[in-house]
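# Structure at a glance
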Amino acid sequence: MFYTCGPNEAMVVSGFCRSPPLMIAGGRVFVVPCVQQIQRISLNTLTLNVKSDKVYTRHGVPISVTGIAQMKIQGQNKQMLAAACQMFMGKSEPEIAQIALETLEGHQRAIIAHLTVEEIYKDRKKFSEQVFKVASSDLVNMGISVVSYTLKDVHDDQDYLHSLGKARTAQVQKDARIGEAQNKRDAVIREAHAMQVKVSAQYKNEIDMAKAQRDYELKKAAYDTEVNTKKAESEMAYQLQVAKTKQRIEEEKMQVQVVERTQQITLQEQEITRREKEWRRRLKLSRSTRTEPWWTCCWRNCLW
């Protein structure tokens with residue numbers, strides 16, 4: 001006959017041909033009736049409320065401590081499952097939880113006895129780690145693994161923690177007053193330093209602005225001088241060019257007048273030469289008319 005179980009349960013088959021017994025965590029198995037037996041053990045996580053009332057610490061102060069532990073039978077480890085089967089086979093979950101609780105509470109009480117109230121109250125993480133470490137090393141031999149342990153509450157009936165709280169409160173208030181005074185002092189110092197930095201920055205800014213203004217005026221004066229020089233040179237060059245142009249025009253006019261005068265003189269000389277020739281011709285003609293007959297002169301005049 002086949003039997004099955006979920007992942008939160010383990011089956012142990014013993015009897016004929018099962019030496020040692022077969023252990024299966026989550027799965028199925030075939031069991032021969034009458035000659036083989038099957039038993040089940042829970043692998044569910046157990047939540048334990050570990051309370052230790054009025055345990056004396058190292059300095060003799062009775063305190064009560066409450067912790068929360070999560071633990072379970074480890075089904076994936078064959079050795080731990082075998083140990084758990086030997087310890088808890090046939091027991092219910094509440095019975096298993098009670099055994100684990102008593103073991104864990106004993107370790108918790110032992111660790112409280114070795115610490116002071118201040119160590120437990122101020123460093124809860126350290127206390128939880130110690131309980132977890134000691135309990136895990138012991139419960140693992142039973143096949144149980146401690147998943148987690150957390151310190152939930154610490155209190156006492158002698159107002160010891162309350163007195164510690166008052167002292168701590170007074171110290172905190174004192175530190176707060178001192179801190180407030182120091183903060184005010186530091187604020188005044190920072191304000192004065194900030195004002196000093198601000199004034200220094202303002203003076204430096206004004207100095208930089210004055211330097212920049214001076215450099216600007218010097219550069220502007222140099223630029224103006226250069227511009228005026230170039231402008232004067234340009235005007236002088238323009239006037240010189242105008243003068244040269246006028247001189248060249250006057251020279252050209254003079255040349256034109258010279259040419260015209262030369263032409264007039266040439267024309268006059270030509271006119272004079274022509275008139276001299278005319279005068280000589282007429283003179284010669286007049287001389288010839290005196291010796292020649294009258295008809296010869298008439299004929300010559302006709303030719304003319």
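Quick notes on the rules
- Residues numbered from 1 in each chain as written.
- Predicted model: local features only at pLDDT ≥ 70, side-chain atom pairs only at ≥ 80, totals over all residues.
- Heavy atoms only, no water.
- Helix = DSSP H or I, 4+ residues; strand = E, 2+ residues; numbered from the N terminus.
- Buried < 20%, exposed > 50% of the residue type's maximum accessible area, 1.4 Å probe, protein only.
- Contact = heavy atoms within 4.5 Å.
- 1 Å grid on protein atoms, 1.4 Å probe; cavity = no way out; pocket = protein on both sides within 12 Å on 5 of 7 lines; lining within 4 Å.
- Points joined across faces, edges and corners; volume = space filled by probe spheres on them.
- Nonpolar A, V, L, I, M, F, W, Y, C, P; charged D, E, K, R; others polar.
- Pairing = 2+ DSSP bridges.
- Axes fitted to C-alpha atoms, helices over the stretch in contact; angles between N-to-C directions.
- Polar contact = N/O pair within 3.5 Å; in protein donor to acceptor, adjacent residues only side chain to side chain.
- Core = buried A, V, L, I, M, F, W, Y, C linked by side-chain atoms within 4.5 Å.
- Salt bridge = Lys/Arg side-chain N within 4 Å of Asp/Glu carboxyl O.

## Quick look at the overall build of the protein
Of regular secondary structure, the protein possesses six helices and six strands. Shown N-terminal to C-terminal, the secondary structure of the protein runs as helices and strands in the order β-β-β-β-β-α-α-α-α-β-α-α. Scored against the burial criterion, the 304 residues of the protein give a buried share of 24%. Considering only residue pairs separated by 6 or more positions, the protein has 62% of its internal contacts joining residues 24 or more positions apart.

## Some remarks on unusual backbone geometry
With a phi angle near 50°, Lys54 is a residue other than glycine that sits in the positive phi range. With a relative accessible area of 54%, Lys54 lands in the exposed category.

## Describing empty space enclosed by the protein
Gaps left between atoms are located by rolling a probe of water-molecule size over the structure's atoms. By the definition in use, this model includes one cavity of 30 Å³ or more. Taken together, Ser42, Leu43, Asn44, Leu46, Lys72, Ile73, Glu93 and Ile96 form the lining of the largest cavity. Along the lines of polarity and charge, the residues of the lining of the largest cavity split into four nonpolar, two polar and two charged.

## Some details on the sheet that holds strand S1 (residues 2-15)
With respect to topology, three strands assemble into an open sheet ordered S2-S1-S3, the strand pairing being antiparallel. Edge positions in the open sheet fall to strand S2 (18-30) and strand S3 (36-42), since each of these has one partner strand only. Averaged over all pairs of adjacent strands, the angle between their axes in this sheet comes to 30°, without regard to strand direction. In terms of strand pairing, S1 meets S2 through nine bridges, oriented antiparallel. By the bridge assignment, Thr4 is partnered in S2 with Arg28. Sitting on the sheet, helix H1 (residues 78-88) touches S1, S2 and S3, and the angle it makes with S2 is about 105°.

## A short note on the side chain of Ser52
Turning to its location among the elements, Ser52 is positioned in strand S4 (residues 46-56). Taking relative accessible area as the criterion, Ser52 reaches 0% and is therefore assigned buried. There is a polar contact of 2.7 Å between the side chain of Ser52 and the side chain of Gln108.

## What to know about the nonpolar core
Ranked by internal contacts, the top residues of the largest apolar core, which has 40 residues, are Leu48, Met71, Ile73 and Phe127. Among the elements of the structure, S1, S4, strand S5 (62-73), H1, helix H2 (93-113), helix H3 (117-122), helix H4 (124-139) and strand S6 (144-155) are those that each provide at least two residues to this core. Discounting chain neighbours no more than four positions away, the residues touching Ile73 are Ile41, Ser42, Leu43, Leu81, Ala84, Phe88, Ile96, Gly143 and Ile144.

## Describing the environment of Phe30
Considering the arrangement of structural elements, one finds Phe30 in strand S2. Sequence separation between Phe30 and Thr4 is 26 residues; the distance between their C-alpha atoms is 9.0 Å. Leave out the neighbours within four places in its chain, and Phe30 touches Met1, Phe2, Arg18 and Gln36.

## Focus: the pattern of salt bridges
As enumerated under the stated definition, the model contains nine salt bridges in all. Between Asp186 and Arg185 there is a salt bridge; the shortest N-O distance is 3.2 Å. Assessed through its relative accessible area of 24%, Asp186 is described here as partly exposed. In this structure, the salt-bridge partner of Arg214 is Asp215, at a minimum N-O distance of 3.3 Å. A single salt-bridge network, built from bridges that share partners, covers Glu271, Arg274 and Arg275.

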